[in-house]
Amino acid sequence: MERPASTARPSHQRAEPRDFRLLWWANAADGVGSQASGTVLPLLLLGLGNSPQTVGLIAGASTALGLLLGPLVALPADRGARKRVMTGSAAVSALAMGCVALALAAGHPPLGLILTAVLVERLATACFEAAARGTVALVSPGPEQPRAIARLAAADQGALITGPALGGLLYQAARALPFLADALSYLVSALCVAAMRADLRAASPRQRGAGLLREGAAGLRLVRSAPLLRLVLVWGATVNAVVVALYYGAVFTLRRDGHAGAVLGAVLALSGAAGLVGALAAPRVAGRFGAPRVVPGVTWLLVPLAAALAVVTSAWAYGLLFGLVCLLMPLASVVLQARAVQVTAPALQARTGAVLATATTGAAALAPVLAGGLADRVSAAAPAAVCGVLLALLAAHSSRRPVRGVLAPEAAGRAAEVTG
């Protein structure tokens, strides 16, 4: 297996497997709880008398506010408040979801209370995610970071499988139960982070004469100056948008052909299971073939899958092809995430991660709108066809020798020395 680059860890920091296990459980509990409540939240809002358009606006507004808040929280996290922000945010989210559960258990709650609690939870979650970026670099030794990131990605994929199913079952039993489960999951996350022994305050001293805006933009400057981080941004934003657009394209096509919601649920479950397998296999694949081969190779393999999704009509074919897309994507994304962690100094992890997350999340948020417009104005196959073209351009870019060169271990080592 190729040797990872230095992570510029502080000399006093000693990683403990126990701390990574706590981080994993915090991430897994948060993911399952959020998926459980998020799956049934539209049903709850519709049941309280809101229109589908209102539900969509609420979801879009909460996502947009989270994107704006994340970079602001990243600065105090990098300055040394990472652990306090994570525990405090998880506690606030637990309180917000607990209020929703209590209000629903008491009867017919005011709509304003539900919306306020949901908005507070979404904003607190954005703070938690912003502060949590870079934690893996502080609790996992450099050689173990690719495997650690793969395990965290697998937890996310597992949450996509178990969370919606759990939420649906609990919602059928009682409306309050999914939100109570989410509140408990946030409490578990807060306790896990609080129990970590590692020093999460790995921050460089504040630069004299540097204003708040300049310090906050340090992550953006690093991404602009580091070729590897630019590749991570471009690849992550493009592929995440493509996957979301392909899923919505499949939804539009399957609904047009008269397939029921159970078929869509099966496609989503299959894709989540495939993503779980891909995330677990990523370190071994990267170790055998090397990052300079894995990233462009995976990108080229995604091109014919997207093209095939534009022409197939069978629900089973859709499920198989989309599952293969979700299986292959983590093989490259885990490698790129590990490289990004390895070349970024701990004192810049949150701010750099906020820039990358804003790009990928923003692109994924726009994908359903673009997919819907293409399906309405062109055809149901148009989203997949456009995605195939985008992937082909991305594959050609990632196959260029300079781009493949930045993925080499020695290049990552040089970048780590510069950013550190």
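Because the structure is a prediction, the values reported are computed rather than measured.

With that out of the way, let us pick up the overall build of the protein chain. Each helix and strand counted, the protein chain has 16 helices and zero strands in total. When burial is assessed residue by residue, the protein chain has 51% of its 420 residues classed as buried. Split by element, the accessible area of the protein chain, about 18,900 Å² in all, is 66% carbon and sulfur.

A word on the pattern of salt bridges. As enumerated under the stated definition, the model contains two salt bridges in all. With a closest N to O distance of 3.8 Å, Asp19 and Arg18 form a salt bridge. Take Asp19: its relative accessible area is 0%, and that puts it in the buried class. In this structure, Arg122 engages Glu121 in a salt bridge whose closest nitrogen and oxygen atoms are separated by 2.1 Å. Here Glu121 falls in the buried class, since its relative accessible area comes to 1%.

Scored by pLDDT, the protein chain has a mean of 80; 84% of the residues are at 70 or more. Looking at the elements of the protein chain, mean pLDDT is at its lowest for helix H16 (residues 409-419), recorded as 52, and at its highest for helix H6 (residues 177-194), recorded as 94. Confidence over residues 414-419 falls short of pLDDT 50; this stretch has nine contacts with residues more than four positions distant or in other chains.

Moving on, we get to the nonpolar core. Counting residues in each nonpolar core, the largest one holds 94 residues, and the members touching the most others are Val136, Trp235, Val239, Leu246, Leu302 and Leu407. The element contributing the most residues to this core is helix H12 (residues 315-343), with 16 residues. Residues Leu45, Leu48, Met97 and Ile114 belong to the second largest nonpolar core, which totals 18 residues.

A cluster of nonpolar side chains, contributed by Leu177, Leu180, Leu184, Leu187 and Leu191, occupies part of the molecular surface with about 440 Å² of accessible area. Mapped onto the elements of the fold, Leu180 is located in helix H6.

Conventions used here
- Residues numbered from 1 in each chain as written.
- Predicted model: local features only at pLDDT ≥ 70, side-chain atom pairs only at ≥ 80, totals over all residues.
- Heavy atoms only, no water.
- Helix = DSSP H or I, 4+ residues; strand = E, 2+ residues; numbered from the N terminus.
- Buried < 20%, exposed > 50% of the residue type's maximum accessible area, 1.4 Å probe, protein only.
- Areas by Shrake-Rupley, 256 points an atom, 1.4 Å probe, with all protein chains shown as cover.
- Salt bridge = Lys/Arg side-chain N within 4 Å of Asp/Glu carboxyl O.
- pLDDT = per-residue confidence, 0-100.
- Contact = heavy atoms within 4.5 Å.
- Core = buried A, V, L, I, M, F, W, Y, C linked by side-chain atoms within 4.5 Å.
- Patch = residues over 30% accessible without salt bridge, like charges linked within 9 Å, V, L, I, M, F, W, Y side chains within 5 Å.

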